[in-house]
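Spelled out, the chains give:
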Amino acid sequence: MSLTSFDPLTLDQRLSRCHVKLMNSSEFIALGGVMMTGDRKIVGGGHPNTAPCPVPTAMTDGYHVWYDHDFCMKLPEKQLAFIVVHENFHKVYRHMQTWKHLWERDARTANIACDHVVNNAILEADPDGRLVEMPEGGVCDPKYRGWDAGAVFRDLQQQKNQQQQQQQQQQDPTGGD
């Protein structure tokens, strides 16, 4: 065995490395205490814990964080760090508690609204991408910079309603007459 060969890091080791780097950075040092609360759960894929992840990426209930093994192992380090920060910002903003009524009304739209808020905050904290990079598929409309999740939710609902009205008009251009 050469001195340069090594076994690839496990997801738990990669997550620990991300936590340490983030907590030691000026951009995300304030998240240190939040990152240390709750359990970090790795689920799905080749991980010994065979329970499937409730979502195909990562999630938090506002205290614990679940990471899907297969999804996270495919991410480069900066993208994995983004996911770590992302889930912890949800905890900081208490999205699961503060906006519970939105989740009960329309969970998908509530999740997208909260993600816009979180991702804008992350990119504002690290605009040059020194530590994090948003993975493909992430939502981050700069229009929502500085908005709270409730305001984003209302805007997304309004857009959704307008699209539905347009679809109805296209299906029945006479207006039902």
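Residues numbered from 1 in each chain as written. Predicted model: local features only at pLDDT ≥ 70, side-chain atom pairs only at ≥ 80, totals over all residues. Heavy atoms only, no water.

**Comments concerning the layout of surface pockets**
And step 1. Approximately 590 Å³ is the volume found for the largest pocket.
And step 2. Lining the largest pocket are 25 residues, and of these T57, A58, H86, N111 and D115 lie nearest its centre.
And step 3. For the lining of the largest pocket, the secondary-structure elements that each account for two or more residues are β2 (58-60), α4 (77-92) and α7 (107-125).
And step 4. No other element matches the six residues that α7 contributes to the lining of the largest pocket. (1 Å grid on protein atoms, 1.4 Å probe; cavity = no way out; pocket = protein on both sides within 12 Å on 5 of 7 lines; lining within 4 Å. Points joined across faces, edges and corners; volume = space filled by probe spheres on them. Helix = DSSP H or I, 4+ residues; strand = E, 2+ residues; numbered from the N terminus.)

**Concerning α7**
Every α-helix carries 3.6 residues per turn, so stepping three or four residues along brings you back to the same face.
And step 1. The terminal C-alpha atoms of α7 lie 27 Å apart, and with 19 residues this matches the ideal 27 Å at 1.5 Å per residue to within 8%.
And step 2. For α7, the complete set of buried residues consists of T109, A110, A113, C114, D115, H116, V117, V118, N119, N120, A121 and I122.
And step 3. Residues of α7 that are buried make contact with α4, α5 (95-98), α6 (100-105) and α8 (149-171). (Expected span 1.5 Å × (residues − 1). Buried < 20%, exposed > 50% of the residue type's maximum accessible area, 1.4 Å probe, protein only. Contact = heavy atoms within 4.5 Å.)

**A closer look at the pattern of salt bridges**
And step 1. Enumeration according to the criterion identifies seven salt bridges in this entry.
And step 2. For R40, the salt bridge goes to D12, with nearest N and O atoms at 2.9 Å. A residue pair is termed long-range when its members are at least 10 positions apart, and R40 in strand β1 (residues 40-43) and D12 in helix α1 (residues 11-23) qualify at 28 residues.
And step 3. In this structure, K100 and E104 form a salt bridge, with 4.0 Å as the shortest nitrogen-oxygen distance. Within this pair, K100 and its partner E104 are both found in helix α6, separated by four residues, close to a single helical turn.
And step 4. Its relative accessible area of 47% is what places K100 among the partly exposed residues.
And step 5. A single network of salt bridges, built from pairs that share partners, joins R17, K21 and E77. (Salt bridge = Lys/Arg side-chain N within 4 Å of Asp/Glu carboxyl O.)

**With respect to the packing of aromatic side chains**
And step 1. All told, the structure shown has two aromatic pairs when counted by the stated rule.
And step 2. When the centroid spacing of 4.8 Å and the interplanar angle of 75 degrees are considered together, the rings of Y144 and W147 count as edge-to-face. (Phe/Tyr/Trp six-rings, centres within 6.5 Å; stacked < 30°, edge-to-face > 60°.)

**Things to note about the sheet that holds β2**
And step 1. Judged by pairing direction, the sheet is mixed, and its three strands sit side by side in the order β1-β3-β2 without closing on themselves. If you trace the sheet from one side to the other, it starts and ends with β1 and β2, each paired once. Geometrically, the sheet is characterised by an average inter-axis angle of 20 degrees between neighbouring strands, direction not taken into account.
And step 2. In this structure, β1 lies alongside strand β3 (residues 65-68), joined through four bridges in parallel fashion. The partner of V43 across the bridge, within β3, is D68.
And step 3. Contacting β1 and β3, α1 crosses the sheet at an angle of about 145 degrees to β1.
And step 4. Each of β2 and β3 touches α4; the most contacted strand, β2, lies at about 20 degrees to it. (Pairing = 2+ DSSP bridges. Axes fitted to C-alpha atoms, helices over the stretch in contact; angles between N-to-C directions.)

**Overview of the state of the cysteines**
And step 1. One pass over the full model with this rule turns up zero disulfides.
And step 2. Here C18 stays free of any disulfide, with the sulfur of C72 as its closest cysteine sulfur at 9.3 Å.
And step 3. Taking the relative accessible area as the measure of exposure, C18 reaches 2% and is therefore buried. (Disulfide = S-S within 2.5 Å.)

**Comments concerning the confidence of the model for the protein chain**
And step 1. With 89% of its residues at a pLDDT of at least 70, the protein chain reaches an overall mean of 90.
And step 2. Per-element averaging of pLDDT across the protein chain places β1 at the bottom with 92 and α4 at the top with 98.
And step 3. Scored below 50 in pLDDT, residues 1-6 shows zero contacts in the model against residues more than four places distant or in partner chains. (pLDDT = per-residue confidence, 0-100.)

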